[in-house]
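Fold and contact review
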Amino acid sequence: MAELDADLDRIIPSSVLPPFWAKLVVGFVSLVCFARSYDGDFVFDDSEAIINNKDLRAETPLGDLWHHDFWGSRLSSNTSHKSYRPLTVLTFRINYYLSGGFHPMSFHVINILLHGGISVLMVDVFSVLLGGLQYTSRGRRLNLAPRSSLLAALLFATHPVHTECVAGVVGRADLLGALFFLLSFLGYCKAFRESNKERTHSTFWVLLSILLGAVAMLCKEQGITVLGLNAVFDILVIGKLNVLEMVQKVLHKDKSLENIGMLRNGGLLFRMTLLASGGAGVLYMRWKIMGTGPPAFTEVDNPASFADSMLVRAINYNYYYSLNAWLLLCPWWLCFDWSMGCVPLIKSAGDWRVTAPAALWLCLIGLICQALCSEDNHKRRILTLGLGFLIIPFLPASNLFFRVGFVVAERVLYLPSAGFCMLLTFGFGALSKHTKKKKLIAGVVLGILFINILRCMIRSGEWRNEEELFRSALSVCPLNAKVHYNVGKNLADKGHQTAAVRYYRQAVRLNPKYVHAMNNLGNILKERNELQEAEELLSLAVQIQPDFAAAWMNLGIVQNSLKRFEAAEQSYRTAIKHRRKYPDCYYNLGRLYADLNRHVDALNAWRNATVLKPEHSLAWNNMIILLDNTGNLAQAEAVGREALELIPNDHSLMFSLANVLGKSQKYKESEALFLKAIKAHPNAASYHGNLAVLYHRWGHLSLAKKHYEISLQLDPTASGTKENYGLLRRKLEQMQKKDV
């Protein structure tokens with residue numbers, strides 16, 4: 001049994017040590033932590049990655065997944081984020097197919113189960129990292145650290161920083177990446193099942209490990225870093241290389257360097273060559289697939305990377321590292337987004353926050369010194385592997401090799417947290433060894449696990465819907481403009497415009513260049529008829545971002561309302577220039593032309609809208625109504641029939657076509673459409689009123705009277721219906737007098 005396990009003897013009870021029970025406990029606890037999120041909504045990035053992602057739908061060819069990014073955009077596009085995760089998107093597509101649509105429960109359940117499976121696998125991974133790799137004569141791997149591997153796995157399973165990955169459906173990329181990362185590592189360990197008999201390895205398992213690493217990368221970019229961890233593990237555990245001794249021999253020009261010969265005989269160089277060449281090949285293919293190079297992020301995404309001074313960049317990057325370390329150490333202040341002013345830049349050495357990276361590096365240097373200089377081989381191995389697991393998977397998010405699109409992201413800590421849990425377990429073992437208060441340490445461990453479970457459950461509840469998620473961030477990141485923007489957007493979607501305006505204004509105040517907040521605020525002000533301020537905001541938005549098509553269109557709507565028709569037309573045209581396939585903009589352009597009595601231009605604009613979006617009901621309706629009003633009944637009827645073929649259940653189209661058919665004296669067909677529209681929307685006063693007019697013309701006066709009365713009950717203020725009803729009553733009275 002490993003030395004660390006002996007130190008934890010009084011902390012972990014022996015009754016849960018059998019492998020099956022250990023894994024069962026870890027799996028159960030991991031499910032309990034995040035079970036509250038099982039019936040949550042799609043929140044935050046889920047909208048773009050799932051609901052608005054056409055790659056999930058059956059009509060999109062499966063082959064397109066290999067040419068699109070995580071969000072469904074073509075990788076060759078300049079606007080693509082280059083997040084290439086086709087296998088993750090494939091699981092979303094399968095989820096969508098099996099659940100029969102966008103039902104979030106099935107998506108959440110899969111995420112929770114994935115985390116449970118990963119936590120169970122962690123028991124095996126930690127048993128190797130903490131206890132070493134040893135097989136029986138039958139090739140069965142021994143668990144030499146049952147207590148410490150169980151504790152580390154429990155710490156991992158219950159860490160609150162994982163909530164974003166588990167409770168947010170988009171976090172499946174990190175979960176799948178971690179799953180294949182661990183499988184790759186365990187596969188690499190299997191390459192040495194016969195090493196007890198002779199210093200050999202299985203090339204098959206090494207190659208399979210590289211393949212699983214590539215699969216992990218196709219789920220999440222971090223996955224490829226498993227090859228680095230495998231290399232460190234091979235050097236330290238299989239090769240038993242003492243780095244400090246090696247450095248000393250080199251410095252003293254010791255010609256013997258026995259270790260080098262031993263490692264070469266053991267096949268280490270061959271395995272390192274396989275890992276390096278495999279990793280380089282996979283990365284090269286990944287780079288080729290990206291097409292146009294790295295993604296283009298903005299300053300608000302990662303302000304430190306845009307700083308002019310290299311010193312300022314270095315200080316802030318290190319401050320970001322310290323924030324990540326703090327989230328691992330004290331995961332109480334969690335936020336769905338850490339950008340847009342949440343973490344202000346450190347611009348001078350006088351900023352007190354520079355103490356945080358100093359403290360971080362002090363701790364890291366201390367651990368590294370212990371990992372290199374300790375005379376205890378067991379301690380040296382655990383600390384080195386723990387630091388390796390902590391640092392290596394984090395490297396893609398470190399800004400060292402390329403700019404990333406975030407300041408801090410809790411999701412990227414999913415794998416590095418395993419290294420943290422390993423180091424924490426080692427720390428508890430060291431404390432237990434050097435103190436007699438074993439029960440106190442056991443109480444601390446249980447307390448940490450209980451608090452973590454409680455925090456996971458609370459945080460999972462916050463991820464169940466956007467309102468709670470966004471509001472939870474206000475206390476953590478009050479300076480984050482995106483937090484205020486999302487709270488405002490959520491309120492606006494629920495119809496609370498006054499409250500939404502307040503949060504949008506705060507978002508613009510915190511970030512005066514936040515064009516999306518300006519656009520949404522301008523929209524609300526437009527609806528509230530505060531047109532002057534709306535125009536100012538939208539004009540500023542397009543000035544800051546000239547290719548912001550949505551803001552150009554909304555500016556055109558405001559200018560149209562202000563009777564500035566030429567400016568409105570120019571704004572619509574600019575929007576279409578920046579987004580050629582923009583059906584809503586063509587629709588609004590058609591409305592402008594209709595107001596100007598440019599009927600042919602209006603019809604052409606609406607036709608463009610329906611070509612780009614065949615289900616654009618408003619554009620179809622406006623074409624029917626305009627043709628009806630201009631006396632082109634035959635053309636209006638043709639357009640109406642075409643529209644209903646494409647959107648057969650749209651009651652507004654039924655109503656418009658029924659009006660046309662009634663005027664064309666096709667009463668029976670018109671009646672059928674009116675009744676169908678009323679069945680779909682029984683409380684529409686105009687539907688009953690126009691059906692009454694049809695019956696009035698047709699001579700079915702009793703039915704006309706019935707529907708006039710229903711219409712007036714629904715809308716007593718309808719003057720046209722009142723007038724027609726009065727005419728009908730007089731006619732009925734005259735008929736009664738004649739009968740008498």
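Note on numbering: residues in each chain are counted from 1, in written sequence order. The predicted origin of the model limits local features to residues at a pLDDT of at least 70 and limits the giving and counting of side-chain atom pairs to 80 or more, whereas totals for whole chains, interfaces and linings rest on all residues. The basis for every side-chain value is the complete set of heavy atoms in the structure, and neither hydrogens nor water enter the calculation.

In the nomenclature of an unreviewed UniProt entry, the chain is known as Protein O-mannosyl-transferase TMTC4 of Odobenus rosmarus divergens. UniProt positions are given in the numbering used here, feature names are shortened, and annotations may be inferred rather than shown by experiment. Taken verbatim from the UniProt record of the chain, the Sequence similarities (unreviewed entry) comment is "Belongs to the TMTC family."

Overview of the UniProt feature "repeat: TPR" (unreviewed entry) in the chain
The positions that UniProt labels "repeat: TPR" (unreviewed entry) are, in the present scheme, residues 481–514, 515–548, 549–582 and 583–616. Strands are runs of DSSP state E lasting at least two residues, helices are runs of H or I lasting at least four, and both sets are numbered from the N terminus onward. End-to-end, the C-alpha atoms of residues 481–514 are 8 Å apart, and along that stretch the chain is 79% helix and 0% strand.

What to know about the state of the cysteines
Note on terminology: pairs of cysteine sulfur atoms within 2.5 Å are recorded as disulfides. Following the criterion strictly, the structure yields one disulfide and no others. Cys-342 shares a disulfide with Cys-477; S-S distance 1.8 Å. Taken together, the positions of Cys-342 in the loop between helix H14 (310–329) and helix H15 (355–373) and Cys-477 in the loop between helix H19 (466–474) and helix H20 (481–493) put the pair 135 residues apart, joining distant regions of the chain. Cys-477 matches Cys-342 in its accessibility class, with the two residues each being buried. Burial status follows relative accessibility: with a 1.4 Å probe on protein chains alone, a residue under 20% of its type maximum counts as buried, one over 50% as exposed, and anything between as partly exposed.

Regarding the side chain of Gln-222
Mapping Gln-222 onto the fold places it in the loop between helix H9 (203–219) and helix H10 (226–238). A residue is classified by how much of its surface remains accessible, and Gln-222, at 7% relative accessible area, is buried. Whether two residues are in contact is decided by their heavy atoms, any of which lying within 4.5 Å being enough. Filtering out sequence-adjacent residues up to four positions away, Gln-222 remains in contact with Asp-174, Pro-393, Phe-394, Pro-396, Val-412 and Pro-416.

Points about the environment of Ile-392
Structurally, the position occupied by Ile-392 is in the loop between helix H16 (377–391) and helix H17 (416–434). Given the relative accessible area of 15%, Ile-392 is considered buried. Residues within four places of Ile-392 in sequence aside, it is in contact with Thr-225, Gly-228, Leu-229, Val-232 and Leu-387.

So, the side chain of His-159
Note on placement: His-159 falls in the loop between helix H6 (146–157) and helix H7 (163–167). Among all residues touching His-159, those that are not within four sequence positions of it are Phe-34, Leu-327, Leu-328, Pro-331, Phe-420, Asn-452 and Cys-456.

Describing H20
The end-to-end C-alpha separation of H20 is 18 Å, in line with the 18 Å expected for 13 residues at 1.5 Å each. If you check which residues of H20 are buried, you get Ala-481, Lys-482, Val-483, His-484, Tyr-485, Asn-486, Val-487, Gly-488, Asn-490 and Leu-491. On its buried face, H20 is in contact with H19, helix H21 (497–510) and helix H22 (515–527). The distance from a side-chain oxygen at the start of H20 to the backbone nitrogen of Lys-482 is 2.8 Å, and the residue carrying that oxygen is Asn-480. Each helix should span, by expectation, one fewer than its residue count multiplied by 1.5 Å. Residues adjacent in sequence count toward polar contacts only when both atoms are side-chain atoms; beyond that, a polar contact is any pair of N or O atoms within 3.5 Å, and within protein one must be able to donate a hydrogen and the other to accept it.

Focus on H14
In this model, H14 (20 residues) spans 29 Å end to end at C-alpha, consistent with the 28 Å of a helix rising 1.5 Å per residue. For H14, the complete set of buried residues consists of Val-312, Asn-316, Tyr-317, Asn-318, Tyr-319, Tyr-320, Tyr-321, Ser-322, Leu-323, Asn-324, Leu-327 and Leu-328. One side-chain oxygen of the residue at the start of H14 lies 3.2 Å from the amide nitrogen of Leu-311, identifying that residue as Ser-309.

Some remarks on the packing of helix H28 (residues 617–629) against helix H30 (residues 651–663)
Axes here mean lines fitted to C-alpha atoms, for a helix over just the part in contact, with angles spanning 0 to 180 degrees between N-to-C directions. With their axes 9 Å apart at the nearest point, H28 and H30 run at an angle of 15° to one another. Taken together, the axes of H28 and H30 lie roughly parallel to each other. The chirality of how H28 crosses H30 is left-handed. From H28, Ser-617, Trp-620, Asn-621, Ile-624, Ile-625 and Asp-628 reach across to H30, where they touch Ser-652, Leu-653, Ser-656, Leu-657, Asn-659, Val-660 and Lys-663. Three classes are used: nonpolar for Ala, Val, Leu, Ile, Met, Phe, Trp, Tyr, Cys and Pro, charged for Asp, Glu, Lys and Arg, and polar for all others, with Gly counted as polar. Here the residues of the contact of H28 with H30 sort into six nonpolar, five polar and two charged. Comment on the angle field: the value is read as roughly parallel under 35 degrees, roughly antiparallel over 145, roughly perpendicular from 65 to 115, and oblique elsewhere. By convention, the crossing between two helices is left-handed when the near helix turns anticlockwise from the far helix through less than a right angle, and right-handed when the turn is clockwise.

Description of the nonpolar core
Of all hydrophobic cores here, the largest spans 207 residues; its most connected members are Phe-126, Phe-185, Phe-233 and Phe-389. If we ignore the near neighbours within four places in the chain, the residues touching Phe-389 are Met-122, Val-125, Leu-129, Phe-181, Leu-182, Leu-229, Leu-415, Pro-416, Ala-418 and Gly-419. To define a nonpolar core, start from buried Ala, Val, Leu, Ile, Met, Phe, Trp, Tyr and Cys residues and group those joined through side-chain atoms within 4.5 Å. Listed in part, the 12 residues of the second largest apolar core include Phe-42, Ala-49, Phe-70 and Val-170.

A word on a nonpolar patch on the surface
Within this analysis, patches are made of residues with over 30% relative accessible area and no salt bridge. Like charges are joined at 9 Å or less; nonpolar side chains (Val, Leu, Ile, Met, Phe, Trp, Tyr) at 5 Å or less. Only the protein chains shown count as covering a residue, and every accessible area follows the Shrake-Rupley method with a 1.4 Å probe. What counts as a salt bridge is simple: a side-chain nitrogen of Lys or Arg found within 4 Å of a carboxyl oxygen of Asp or Glu. Together, Trp-326, Leu-329, Trp-332, Trp-333, Phe-450, Ile-451, Leu-454 and Ile-458 make up an exposed nonpolar region whose accessible area comes to about 850 Å². Contributing elements (two or more residues each) for the nonpolar patch: H14 and helix H18 (438–462).

As for the packing of aromatic side chains
Two rings from Phe, Tyr or Trp (for Trp, the six-membered ring) form a pair when their centres are within 6.5 Å of each other. A pair whose planes differ by under 30 degrees is stacked, one over 60 is edge-to-face, and the rest are tilted. According to the stated counting rule, one finds 22 aromatic pairs in the structure shown. Between Phe-185 and Phe-233, the ring centres sit 5.1 Å apart and the planes meet at 75°, which makes this aromatic pair edge-to-face. Highlighted residues: Phe-185 in helix H8 (residues 172–190) and Phe-233 in helix H10, separated in sequence by 48 residues. Each member of the pair Phe-185 and Phe-233 is classed as buried. Look at Tyr-708 and Tyr-725: their rings are 6.1 Å apart centre to centre, the planes differ by 55°, and that puts the pair in the tilted class. Residue Tyr-708 is found in helix H33 (residues 701–714), and its partner Tyr-725 is found in helix H34 (residues 719–739); the two are separated by 17 residues along the sequence. An identical accessibility class is assigned to Tyr-708 and Tyr-725; each is buried. Joined through ring pairs, the aromatic side chains of Phe-42, Phe-70, Trp-71, Phe-92 and Phe-107 make up one cluster. A ring is scored as having a charge over it whenever the NZ atom of a lysine or the CZ atom of an arginine sits within 6 Å of its centre and within 35 degrees of its normal. For Lys-190, the ring lying beneath its charged end belongs to Trp-205, and the centroid distance is 5.8 Å. Across from the ring centre of Phe-306, 3.9 Å away, lies the NZ or CZ of Arg-403, which sits over that ring.

So, the packing of H9 against helix H13 (residues 268–290)
Two measures define how a pair of helices packs: the angle their axes make with one another and the distance between the axes. Contact geometry for H9 and H13: axes closest at 10 Å, N-to-C directions at 25°. In terms of axis orientation, H9 runs roughly parallel to H13. You can see that H9 and H13 cross each other, and the crossing is right-handed. Touching Thr-203, Val-206, Leu-207, Ile-210, Ala-214 and Met-217 of H9 are Phe-270, Arg-271, Leu-274, Leu-275, Gly-278, Val-282, Leu-283 and Arg-286, all from H13. Its residues assigned to classes, the contact of H9 with H13 comprises 10 nonpolar, two polar and two charged.

Considering the pattern of salt bridges
The full count for this structure, using the stated rule, is 25 salt bridges. Between Arg-271 and Asp-234 there is a salt bridge, with its nearest N and O atoms 2.5 Å apart. Here Asp-234 lies in helix H10 and Arg-271 lies in helix H13, a separation of 37 residues in the sequence. Asp-234 gets classed as buried once you look at its relative accessible area, which sits at 0%. A salt bridge links Glu-533 to Arg-505; the nearest nitrogen and oxygen atoms lie 2.7 Å apart. In this pair, Glu-533 sits in helix H23 (residues 531–544) while Arg-505 sits in helix H21, placing the two residues 28 residues apart along the sequence. Salt bridges here are not isolated pairs; linked through shared partners, they connect Glu-637, Arg-641, Lys-666 and Glu-669.

Details of the environment of Gly-405
You can see Gly-405 is positioned in the loop between H16 and H17. Since its relative accessible area comes to 27%, Gly-405 is described here as partly exposed. Here the alpha-carbon distance between Gly-405 and His-81, two residues 324 residues apart in the chain, equals 8.7 Å. Apart from residues lying up to four places away in sequence, Gly-405 is in contact with Phe-297 and Asp-301.

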